[in-house]
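Breakdown of the fold
Each chain, written out:
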Amino acid sequence: MRYLNKHEWNLASRFLFLSMTLTVIRHDLGKLEQNSPFKITEPYTQLLQEMEQQAIKEREELIKEMNKEELEVQALPNSHDMSFTSYLFICKGREEKRNYFNPAIRRKVSFIFEELLAHALTAKTNQEEKLKL
């Protein structure tokens, strides 16, 4: 049964998938710093760092909004298998369990990653244009 309204659901799911995306960005940054296949790593590192900062900023805003709504998301213990992962959404005493198909999680994380990448590239381009003036 669905207990979360559309606003609560959007807020909680964005928080969940943005948190996963932040984990991916940090993982990629670590790999890039440890053993980069690139001769020049600075542009990639800067881009990932910009994405990380944007994700952190958005997640902080989501946390504030979730606190106002008395909303939290928890990974259920032992709920991860080859096909699905389960999460518990709690809002004002109401609980709702959702199962996610792992490839769907990957697609959502990839989509948010691309959003952050586009934002970081736009910010970089705008910054470079200001320097030219």
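Anything mentioned here points back to the structure above.
We now turn to the structure provided with this report. (Residues numbered from 1 in each chain as written. Predicted model: local features only at pLDDT ≥ 70, side-chain atom pairs only at ≥ 80, totals over all residues. Heavy atoms only, no water.)

1. Description of the packing of aromatic side chains
For the coordinates displayed, the defined rule picks out 6 aromatic pairs. Between phenylalanine 84 and phenylalanine 101, the ring centres sit 5.5 Å apart and the planes meet at 50 degrees, which makes this aromatic pair tilted. With phenylalanine 84 in strand E2 (residues 84-91) and phenylalanine 101 in strand E3 (residues 94-101), the pair connects residues that are 17 residues apart, well separated along the chain. For phenylalanine 84, a relative accessible area of 39% puts it in the partly exposed group. Taking the ring centre of tryptophan 9 as reference, the NZ or CZ of arginine 98 above it sits at 3.5 Å. (Phe/Tyr/Trp six-rings, centres within 6.5 Å; stacked < 30°, edge-to-face > 60°. Helix = DSSP H or I, 4+ residues; strand = E, 2+ residues; numbered from the N terminus. Buried < 20%, exposed > 50% of the residue type's maximum accessible area, 1.4 Å probe, protein only. Lys NZ or Arg CZ within 6 Å of the ring centre and 35° of its normal.)

2. Remarks on unusual backbone geometry
A positive phi angle is found at glutamate 70, which is not glycine, with a value near 55 degrees. Checked against the element boundaries, glutamate 70 lands in the loop between helix H2 (42-68) and strand E1 (71-80). Glutamate 70 gets classed as exposed once you look at its relative accessible area, which sits at 53%. The phi torsion at lysine 92 lies on the positive side, around 50 degrees, for a residue other than glycine. You can call lysine 92 partly exposed: its relative accessible area is 45%.

3. Concerning H2
Given a rise of 1.5 Å per residue, 27 residues ought to cover 39 Å, and the 39 Å separating the end C-alpha atoms of H2 matches this to within 8%. Every buried residue of H2 is accounted for by Thr45, Leu48, Met51, Glu52, Ala55, Glu58, Leu62 and Met66. Glutamate 70 sits one or two residues past H2 and shows a positive phi near 55 degrees. (Expected span 1.5 Å × (residues − 1).)

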